[in-house]
Amino acid sequence: MDDEELRQIQRNADLAIEQLGPISGLDFGLDEESVAWVEGFIERRRAQPGFDPDQAEGLVSVLGSYLGACVAAGTGGHWEWRDDGGWGVALPDGSTAFPFTKVRKQLRDGLEGGESIASFYRVAVEFIATGRMREARDGG
């Protein structure tokens, strides 16, 4: 797909770090602790009066770019266009994680609806990318 789209994804990830880092109180970066903070940020946004997840595509773009950058950094994966799902992070085991979809789901359904970007990150980094998920599924 388009190199300009990849540059925009990187700019969005950088924007998330630039804007959220100072208000997080963390050494904010592409790590699990920062993803967990962003998950709380999403929940706080959802709780604001008048919040409409259908009007949050800009937030999906920025936070999805950030989440994907975190997954790529944690797994050695890379951004890849998939005709069946759009932009995702190709993981070393051959699977693809779709961070924009996950952010959109958490904005819409929240933690109470079973959507968690922190869990998405942990599963991608600790289980899928390492092959542990496949081993467990195959009985290994």
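Residues numbered from 1 in each chain as written. Predicted model: local features only at pLDDT ≥ 70, side-chain atom pairs only at ≥ 80, totals over all residues. Heavy atoms only, no water.

Chemist: Quick question: what am I supposed to make of the sheet that holds strand S1 (residues 78-82) here?
Modeler: Either a parallel or an antiparallel arrangement is found when strands of a sheet pair, and the pairing is made through backbone hydrogen bonds. Read from one edge to the other, the open sheet built from three strands follows the order S1-S2-S3, with strand pairing classed as antiparallel. The open sheet has two edge strands, S1 and strand S3 (96-97), and neither has a second partner. (Pairing = 2+ DSSP bridges. Helix = DSSP H or I, 4+ residues; strand = E, 2+ residues; numbered from the N terminus.)

Chemist: Can you help me understand the pairing of S1 in this one?
Modeler: Consecutive residues of a regular strand have side chains that alternate between opposite faces of the sheet. Bridging between S1 and strand S2 (residues 86-90) involves five bridges; their strand directions are antiparallel. When the bridges of S2 are listed, Arg-82 appears paired with Gly-86. Counted along the chain from S1 to the antiparallel partner S2, the turn is three residues long.

Chemist: For this particular structure, what's the right way to read the packing of helix H2 (residues 32-46) against helix H4 (residues 99-109)?
Modeler: For any two helices packed against each other, one specifies the inter-axial angle together with the distance between the axes. Contact geometry of H2 with H4 gives a least axis separation of 9 Å together with a crossing angle of 40°. If you check the angle between H2 and H4, you find them oblique. With respect to the hand of their crossing, H2 and H4 are arranged in right-handed fashion. On H4, the residues that touch Glu-39, Ile-42, Glu-43 and Arg-46 of H2 are Val-103, Gln-106, Leu-107, Arg-108 and Asp-109. Counted by class, the contact of H2 with H4 contains three nonpolar, one polar and five charged residues. (Axes fitted to C-alpha atoms, helices over the stretch in contact; angles between N-to-C directions. Parallel < 35°, antiparallel > 145°, perpendicular 65-115°, else oblique. Left-handed = near helix turned anticlockwise from the far one by under 90°. Contact = heavy atoms within 4.5 Å. Nonpolar A, V, L, I, M, F, W, Y, C, P; charged D, E, K, R; others polar.)

Chemist: Hey, could you run me through the environment of Gly-21 in this one?
Modeler: Relative to the elements of secondary structure, Gly-21 occurs in helix H1 (residues 3-24). Once residues within four sequence positions are removed from consideration, Gly-21 is found in contact with Ala-16, Leu-26 and Phe-28.

Chemist: What am I meant to see in the pattern of salt bridges here?
Modeler: Opposite charge on two side chains makes pairing possible when the charged atoms of those side chains draw close. The final tally for this structure, using the stated rule, is nine salt bridges. Across the pair Glu-43 and Arg-46 runs a salt bridge whose closest N-O atoms are separated by 3.4 Å. Of this pair, Glu-43 and Arg-46 both sit in helix H2, three residues apart, roughly one helical turn. When the shortest N-O distance is used, the salt bridge between Lys-102 and Glu-115 registers 2.5 Å. On the criterion of sequence distance, the pair formed by Lys-102 in helix H4 and Glu-115 in the loop between H4 and helix H5 (117-128) is long-range, its members being 13 residues apart. Each member of the pair Lys-102 and Glu-115 is classed as buried. One network of salt bridges, with partners in common, ties together Glu-4, Arg-7 and Arg-11. (Salt bridge = Lys/Arg side-chain N within 4 Å of Asp/Glu carboxyl O. Buried < 20%, exposed > 50% of the residue type's maximum accessible area, 1.4 Å probe, protein only.)

Chemist: Would you take a moment to explain the side chain of Ser-65 for this structure?
Modeler: Along the chain, Ser-65 falls in helix H3 (residues 57-75). Assessed through its relative accessible area of 0%, Ser-65 is described here as buried. Looking at Ser-65, its side chain comes within polar contact range of the main-chain oxygen of Ser-61, at 2.7 Å. Ignoring anything within four residues of it in the chain, the contact list for Ser-65 reads Ile-9, Asn-12, Ala-13, Val-60, Trp-79 and Phe-100. (Polar contact = N/O pair within 3.5 Å; in protein donor to acceptor, adjacent residues only side chain to side chain.)

Chemist: I keep staring at the packing of aromatic side chains and nothing clicks. Help me out?
Modeler: Any aromatic ring pair is given by two values, namely how distant the centres are and how the planes are angled relative to each other. For the coordinates displayed, the defined rule picks out five aromatic pairs. Geometrically, the ring pair formed by Phe-28 and Trp-37 is edge-to-face, given 6.1 Å between the ring centres and 90° between the ring planes. Here the aromatic rings of Trp-81 and Trp-87 are separated by 5.6 Å at their centres, their planes lie at 75°, and the arrangement is edge-to-face. Among the residues examined, Trp-81 registers a relative accessible area of 33% and is labelled partly exposed. Ring pairing ties together the aromatic residues Phe-28, Trp-37, Phe-41 and Tyr-66, which thus form one cluster. (Phe/Tyr/Trp six-rings, centres within 6.5 Å; stacked < 30°, edge-to-face > 60°.)

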